[in-house]
Amino acid sequence: MTTIRTVAIIGAGQMGSGIAQAVATGGYAVRLYDADLSRLPLAHGTIANSLARRVERESLGADEAQAILGRITDAADLAAVGTADLVIEAAVEDEAVKTDILQALTPHLGPDTLVASNTSSISITRLASATDRPDRFIGLHFMKPAPAMRLVEIIRGIATSPATYETAVAFAQSLGKTTTNAEDFPAFIVNRILVPMVNEAIFTLYEGVGDVASIDKALKLGANHPMGPLELADFMGLDVVLAIMNVLYDGLADSKYRPCPLLVKYVEAGWLGRKTGRGFYDYSGDVPVPTR
């Protein structure tokens, strides 16, 4: 089994920065990389703000927060990424983008480096085939927000070795996470169940069964969900929801996974949820306001 001391993360967006924080909190040295180097200072600021809130809540000491920040450094290029013991790809949920990254990364990988993808829906077997080490490739699907959510889905590709699997499970558990095993089918377990529910909520809105506030209230109070499905869609990012539905629809060829036309329309408009300030809610004021 590979001994993991350094972890490189490709992608400094919401997921990448969250994973970086979770991994650094676990005591590992983290190298954070993004093709757009201007995103790295923003990621450090996001992590610092997250840790500052924990310090304010007294769930973390100020010295430990500084130590966590000190364990996260920037990688200037893929050559610096490839020498880590574990590389976690956390780019946008687009198979072509992920494949291009993995192909570019492969020449820089050390002989013993493990590679993982944080994909929430795409075939691990196919992504692994873009590298020279499908036996040392695995899915590590962190939930959002990665520092707080306790679950990591572990997904083996057809060629993933037992040693890679055991190392991945031990690594995730060392971060204080609980792991669950999913087979390499579209969207795995969590999103195979969750995202079609969100899509059905959007159909409910589209067909006029209820408005945004009614639908979210119904599920929060009627099913004891901590967040309504439309609120959750905005939190996930409507582009991510659509990408997962497309993977399910294309991969399983079942009409029940057809993305709702209203979801498509919102994504076409650039209304992607919280990250753009508008989705099923408008986030421009102090309190989110339903847009329908």
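Residues numbered from 1 in each chain as written. Predicted model: local features only at pLDDT ≥ 70, side-chain atom pairs only at ≥ 80, totals over all residues. Heavy atoms only, no water.

The name given to the protein in an unreviewed UniProt entry is 3-hydroxybutyryl-CoA dehydrogenase, with Brevundimonas halotolerans as the source organism. Under Sequence similarities (unreviewed entry), UniProt gives the following word-for-word description of the protein: "Belongs to the 3-hydroxyacyl-CoA dehydrogenase family." (UniProt positions renumbered as here; feature names shortened; annotations may be inferred.)

1. Looking at the UniProt feature "site: Important for catalytic activity" (unreviewed entry) in the protein
Residues annotated in UniProt with the feature "site: Important for catalytic activity" (unreviewed entry) correspond here to His141. Relative to the helices and strands, His141 is located in strand E6 (residues 137–142). For His141, the contacting residues outside a window of four places in its chain are Ser117, Asn118, Thr119, Ser120, Leu151, Val152, Glu153, Ile155 and Asn191. (Helix = DSSP H or I, 4+ residues; strand = E, 2+ residues; numbered from the N terminus. Contact = heavy atoms within 4.5 Å.)

2. Some thoughts on the domain arrangement of the protein
Split into domains, the protein comes out as domain 1 (6–183) and domain 2 (190–290). Computed over C-alpha atoms only, the centres of domain 1 and domain 2 are separated by 26 Å. Taken together, the contact pairs eleven residues of domain 1 with eight residues of domain 2. The contact between domain 1 and domain 2 buries some 750 Å² in all, and 63% of this surface belongs to carbon and sulfur atoms. On inspection of domain 1 and its partner domain 2, the count reaches zero salt bridges. Applying the counting criterion to the domain 1 and domain 2 interface returns three residue pairs in polar contact (both at pLDDT 80 or more). (Domains from an automatic or database assignment. Buried area = accessible area lost by both parts, 1.4 Å probe. Salt bridge = Lys/Arg side-chain N within 4 Å of Asp/Glu carboxyl O. Polar contact = N/O pair within 3.5 Å; in protein donor to acceptor, adjacent residues only side chain to side chain.)

3. Notes on the nonpolar core
Among the nonpolar cores identified, the biggest contains 37 residues, and Ile88, Leu140 and Phe171 are the most heavily contacted of them. Counting residues in each nonpolar core, the second largest holds 28 residues, with Val195, Phe235, Leu248 and Tyr283 among its members. (Core = buried A, V, L, I, M, F, W, Y, C linked by side-chain atoms within 4.5 Å. Buried < 20%, exposed > 50% of the residue type's maximum accessible area, 1.4 Å probe, protein only.)

4. Some thoughts on the packing of aromatic side chains
Tallying each qualifying case throughout the model produces five aromatic pairs. With centroids separated by 6.3 Å and ring planes inclined at 70°, the aromatic side chains of Phe203 and Tyr206 adopt a geometry described as edge-to-face. Taken together, the residues Phe203 and Tyr206, both in helix H8 (residues 190–206) and three residues apart, mark about one turn of the helix. Residue Tyr206 is classed as partly exposed on the basis of its relative accessible area of 43%. When the ring of Tyr281 is compared with that of Tyr283, the centres are 6.3 Å apart and the planes differ by 50°; the resulting orientation is tilted. When sorted by exposure, Tyr281 lands in the same class as Tyr283, which is buried. Each member of the aromatic cluster is reached from another via a ring pair, and the members are Tyr266, Trp271 and Phe280. (Phe/Tyr/Trp six-rings, centres within 6.5 Å; stacked < 30°, edge-to-face > 60°.)

5. Re the pattern of salt bridges
What the rule picks out here adds up to ten salt bridges. Arg71 is the partner of Glu64 in a salt bridge, and the nearest nitrogen-oxygen pair spans 3.1 Å. Classification of Glu64 by relative accessible area gives partly exposed; the value is 32%. Using a relative accessible area of 23% as the deciding quantity, one classes Arg71 as partly exposed.

6. Comments concerning the packing of H8 against helix H11 (residues 238–252)
Axes are the key here: two packed helices are described by the angle between their axes and the distance separating the axes. The contact between H8 and H11 brings their axes to 10 Å, and the two run at 110°. As the angle between them shows, H8 and H11 are arranged roughly perpendicular. As H8 packs across H11, the resulting crossing turns out to be left-handed. Where H8 approaches H11, its residues Asn191, Arg192, Val195, Pro196, Val198 and Asn199 are matched on the opposing element by Val241, Ile244, Met245, Leu248 and Leu252. Considering only residue class, the contact of H8 with H11 consists of eight nonpolar, two polar and one charged. (Axes fitted to C-alpha atoms, helices over the stretch in contact; angles between N-to-C directions. Parallel < 35°, antiparallel > 145°, perpendicular 65-115°, else oblique. Left-handed = near helix turned anticlockwise from the far one by under 90°. Nonpolar A, V, L, I, M, F, W, Y, C, P; charged D, E, K, R; others polar.)

7. Considerations on helix H1 (residues 14–25)
Every α-helical turn comprises 3.6 residues, leaving residues that sit three or four positions apart pointing alike. With twelve residues, H1 ought to run about 16 Å at 1.5 Å a step, and its terminal C-alpha atoms sit 17 Å apart, in line with that. Among the residues of H1, Met15, Gly16, Ser17, Gly18, Ile19, Ala20, Gln21, Ala22, Val23 and Ala24 are the ones counted as buried. Positive backbone phi, approximately 100°, marks Gly27, located one or two places after H1. (Expected span 1.5 Å × (residues − 1).)

8. Some words on H11
Taking 1.5 Å of rise per residue, the 15 residues of H11 would be expected to cover 21 Å, and the 21 Å separating its terminal C-alpha atoms lies within 8% of that figure. Considering only its buried residues, H11 is in contact with H8, helix H10 (229–236) and helix H12 (261–269).

9. Observations regarding the side chain of Asp216
Along the chain, Asp216 falls in helix H9 (residues 212–222). The buried charged residue Asp216 lacks any salt bridge, with Lys220 as its nearest oppositely charged partner at 5.9 Å. Filtering out sequence-adjacent residues up to four positions away, Asp216 remains in contact with Gly228, Pro229, Leu230, Glu231 and Tyr281. (Lys, Arg positive; Asp, Glu negative; His and termini not counted.)

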